[in-house]
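# Tertiary structure, described
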Amino acid sequence: MTDTTDIKKGLAGVVADVTAISKVNPETNSLLYRGYPVQELAATQPFEAVAHLLWTGELPDAVALADLRATEREHRALADEVRAVIDLVPLDAHPMDEVRTAVSLLGAQDLAGSGSVLAASGSAEDNLRRSIRLFAALPAIVAYGQRRRRGQEMVAPRDDLDYAANFLWMTFGEEADDLVVDAFNRSMILYAEHSFNASTFTARVIASTLSDLYSAVVGAVGALKGPLHGGANEAVLHVFDEIGEAANVSPWLDDALENKRKIMGFGHRVYKRGDSRVPTMKAALDTLIEHYERPDVAELYDALESEFVARKGIYPNLDYPSGPAYALMGFDTLTFTPLFVAARVTGWTAHVMEQFGANALIRPLSEYVGPAERHVEGYVPDAADVEVAERPEEAAG
Ligand SMILES: CC(C)(COP(=O)(O)OP(=O)(O)OC[C@H]1O[C@@H](n2cnc3c(N)ncnc32)[C@H](O)[C@@H]1OP(=O)(O)O)[C@@H](O)C(=O)NCCC(=O)NCCS
C-alpha cells in the first residue's frame, strides 16, 4: 500500500519529464522560451517567429520566416467543410466546443487514408507540417465563431497582412490600428507556451499513447476550456461586469470572499509571487486604455488588484490583463478562450513533437480507497477466476 504522504494530489510539485521548450522560474519570476525571456520576444518578434522558435528551437532567419509565412497564408482560409461543421454547432454552445470540433475535423481530413493506428504518430516532418496547418487554420475558425454569433458574414483572409493583422481583419472586417496589432501580437506570444500546464500535459498524455497530433490538440482544447485554466480570461470579464465600477470593489470583494469564491485572474499553481507575463501584458493593456480612452477600465483593474493583493496576498495571472485587453480590442467575452487556443496551439504542438521524440507512456498509479473485495451474490467461481487469482502480480492495463 502506498504511504498517503506519497500521493501528490493534482500532481503538485511532481516533475513528470524533462523539456527543452520553456522554463518557468517562480523564484526569479521569469519565463524563457528556448532560452529567450518571453518579454524580449514579445517586444521584438512577430508571433510567427515565436512559433518557429517553439517548434524548431531557433528563431527563424529571414528566409525561414518568409517560408513559414508563405505556408501559413496557404492554410488560412476557412475550408467549406470546416465552415459547414462549425455551422452545425448550436449558436448558444460555447465557442470552445466549436473550436474543438473544427480541430477534430481538420485532423480527420488530414489523416484520411493514412493507414492503421500504428502509423498515427507520424514522422517529425509530418508533425511539423500538421502543427503549421493548425496554427494557420485556427484564426479563421475563431474569427468566424465570433462573427456568426453576431450574425455577420465570414471575412476572407488578406494575403498582404501578417498573422496578427490578418487575424484581426478576419474577426472585425476592418484593418486594425498598428498599436492594436502590436498588443494582440504580444498577447499571442505571452500565451504561446508555459511548460507542463494542464492542457499541455493533456496533449502530452495523449501523444504518449502514440496517438496523432490532432487528437492531442483536441484533448488540450478540452482541458483549456475549464475556468481554472484557460477559461479564466473569459471569467475575468464576467467579474468586471459584475463589479461594474471601481467604487464597488470593496463590498463586492467582502461578499465574494465571505462566499469563498475564487477570484478569476488571480493565483497560479507555479507562481506564488506574481506571474512573469503580467507586466508585459499590463503595459499592452495600458496602451489600449489610452488608445480607446477608457480610464474607467484602468480604475477598476487597479482597484480590484490592489484590494485583493492587500487582503489575500494572491497576485494576478496573465488572464487578468488579457481579458480586459481583448474586450477593448472588440472581442466578445466568449471569444477570449478560443484566442488562447490559437496562441497555445504552438506550445501544445511543440510538446507533442518533443514527447514523440523521447516517448514513455504516461501512466501514473492510484491509491485505491473503494470498498474491500466483495462478491456478486450467488456467483460460483470457475476455473478462469482461479487462474487469475494465481497471477496477482500482473499489472492492470
Ligand atoms: C490557478 C489556481 C487553480 C491555482 O491553484 P492552486 O495552486 O491549486 O492553489 P489552491 O487553489 O489550492 O489555492 C491555495 C489557497 O489560495 C486560495 N486562492 C488561490 N487562488 C485564489 C483566487 N483566485 N481567489 C481566491 N482564493 C484563491 C485558495 O482558496 C486556497 O485557500 P485555502 O488554503 O484557504 O483553501 C487558483 O489560483 C485559481 O483557481 N485561480 C483562479 C482561476 C484562474 O485565474 N486561473 C488561471 C490560472 S493561469
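Residues numbered from 1 in each chain as written. Predicted model: local features only at pLDDT ≥ 70, side-chain atom pairs only at ≥ 80, totals over all residues. Heavy atoms only, no water.

As annotated in an unreviewed UniProt entry, the protein chain is Citrate synthase from Microbacterium aurantiacum. Quoted straight from UniProt, the Catalytic activity (unreviewed entry) entry for the protein chain says "oxaloacetate + acetyl-CoA + H2O = citrate + CoA + H(+)". Turning to the protein chain, the UniProt annotation filed under Sequence similarities (unreviewed entry) states: "Belongs to the citrate synthase family." (UniProt positions renumbered as here; feature names shortened; annotations may be inferred.)

## Looking at the overall build of the protein chain
A tally of helices and strands in the protein chain yields 17 helices and three strands. Radius of gyration (C-alpha) of the protein chain: 23 Å, near the 21 Å computed for a compact globule of 397 residues. Taken along the three principal axes of its C-alpha coordinates, the protein chain extends 80 × 55 × 45 Å. Per-residue burial over the protein chain gives 46% buried out of 397 residues. When contacts within the protein chain are restricted to residue pairs at least 6 apart in sequence, those whose partners lie at least 24 apart make up 76%. Looking at the protein chain as shown, the accessible area adds up to about 19,400 Å², and 55% of this sits on carbon and sulfur atoms. Between the centroid of the 35 positive side chains of the protein chain and the centroid of its 59 negative side chains there is a distance of 2 Å. (Helix = DSSP H or I, 4+ residues; strand = E, 2+ residues; numbered from the N terminus. Rg over C-alpha atoms; globule rule 2.2 N^0.38 Å. Buried < 20%, exposed > 50% of the residue type's maximum accessible area, 1.4 Å probe, protein only. Contact = heavy atoms within 4.5 Å. Areas by Shrake-Rupley, 256 points an atom, 1.4 Å probe, with all protein chains shown as cover. Lys, Arg positive; Asp, Glu negative; His and termini not counted. Charge placed at Lys NZ, Arg CZ, Asp CG, Glu CD.)

## Overview of the packing of aromatic side chains
On inspection of all chains with the given rule, the structure shows 18 aromatic pairs. Plain terms: the ring middles of Phe240 and Tyr320 are 5.8 Å apart, the flat faces sit at 75° to each other, and that makes the pair edge-to-face. Separated by 80 residues along the polypeptide, Phe240 in helix α11 (residues 232-243) and Tyr320 in helix α15 (residues 319-329) bring together distant segments of the chain. Here Phe240 and Tyr320 have matching classes, each one buried. When the centroid spacing of 5.8 Å and the interplanar angle of 80° are considered together, the rings of Tyr326 and Phe331 count as edge-to-face. On the basis of relative accessible area, Phe331 is assigned to the buried category, the value being 4%. Among the aromatic residues, those joined into a cluster by ring pairs are Phe47, Trp55, Phe135, Tyr163, Phe167, Phe172, Phe184, Tyr191, Tyr326, Phe331, Phe336 and Phe340. One Lys or Arg, Arg158, reaches over the ring of Trp169 and ends 4.8 Å from the middle of that ring. (Phe/Tyr/Trp six-rings, centres within 6.5 Å; stacked < 30°, edge-to-face > 60°. Lys NZ or Arg CZ within 6 Å of the ring centre and 35° of its normal.)

## Looking at the sheet that holds strand β1 (residues 22-25)
What holds strands together in a sheet is hydrogen bonding between their backbones, with the strands either parallel or antiparallel. Here we have three strands laid out as an open sheet, ordered β1-β2-β3, and antiparallel in their pairing. Both outer strands of the open sheet, β1 and β3 (36-37), are each paired with one neighbouring strand and no more. Pairing between β1 and strand β2 (residues 30-33): four bridges, direction antiparallel. Pairing of Lys23 across the sheet is with Leu32, part of β2. (Pairing = 2+ DSSP bridges.)

## Observations concerning the UniProt feature "active site" (unreviewed entry) in the protein chain
On the UniProt side, "active site" (unreviewed entry) is annotated at positions that read His268 and Asp319 here. In sequence the annotated residues extend across 52 residues, while in space they remain close, none of their C-alpha pairs exceeding 10.6 Å. Looking only at the residues we just named, the largest pocket is lined by His268 and Asp319. If you trace the backbone, His268 turns up in the loop between α12 (249-258) and α13 (278-291). Since its relative accessible area comes to 22%, His268 is described here as partly exposed. When sequence neighbours within four positions are dropped, the list of residues in contact with His268 reads His194, Asp275, Arg277 and Asn317. Along the chain, Asp319 turns up in helix α15. (1 Å grid on protein atoms, 1.4 Å probe; cavity = no way out; pocket = protein on both sides within 12 Å on 5 of 7 lines; lining within 4 Å.)

## Describing the layout of surface pockets
When its volume is computed, the largest pocket comes out at roughly 1,600 Å³. Around the largest pocket sit 45 residues that line it, and Asn197, Ala198, His268, Arg269 and Val270 are the ones nearest its centre. Listing elements by their share of the lining of the largest pocket, those giving two or more residues are β1, α9 (198-208), α14 (295-312) and α16 (336-357). Taken together, the residues that form the lining of the largest pocket break down as 23 nonpolar, eleven polar and eleven charged. Each of domain 1 (24-231 + 332-357) and domain 2 (232-327) accounts for three or more of the residues forming the lining of the largest pocket. (Points joined across faces, edges and corners; volume = space filled by probe spheres on them. Nonpolar A, V, L, I, M, F, W, Y, C, P; charged D, E, K, R; others polar. Domains from an automatic or database assignment.)

## Section: the packing of α11 against α15
Their axes nearest at 8 Å, the elements α11 and α15 cross at an angle of 70°. Here α11 lies roughly perpendicular to α15, going by the angle between them. Residues Ala232, Asn233, Val236, Leu237 and Phe240 of α11 form the contact with α15, whose own contacting residues are Asp319, Tyr320, Ser322, Gly323, Pro324, Tyr326 and Ala327. Taken together, the residues of the contact of α11 with α15 sort by class into eight nonpolar, three polar and one charged. (Axes fitted to C-alpha atoms, helices over the stretch in contact; angles between N-to-C directions. Parallel < 35°, antiparallel > 145°, perpendicular 65-115°, else oblique.)

## Observations regarding the pattern of salt bridges
Any two side chains of opposite charge can pair, on the condition that their charged atoms come close. According to the stated counting rule, one finds 25 salt bridges in the structure shown. Here Glu153 and Arg83 are joined by a salt bridge, their closest N and O atoms 3.9 Å apart. Taken together, the residues span a long stretch of sequence, with Glu153 in the loop between α6 (124-149) and α7 (163-172) and Arg83 in helix α4 (residues 80-88) at a distance of 70 residues. Given the relative accessible area of 59%, Glu153 is considered exposed. Judged by relative accessible area, Arg83 falls into the partly exposed class, the value being 24%. Shared partners join several salt bridges into a network, and the residues in it are Glu48, Arg69, Arg73 and Asp162. (Salt bridge = Lys/Arg side-chain N within 4 Å of Asp/Glu carboxyl O.)

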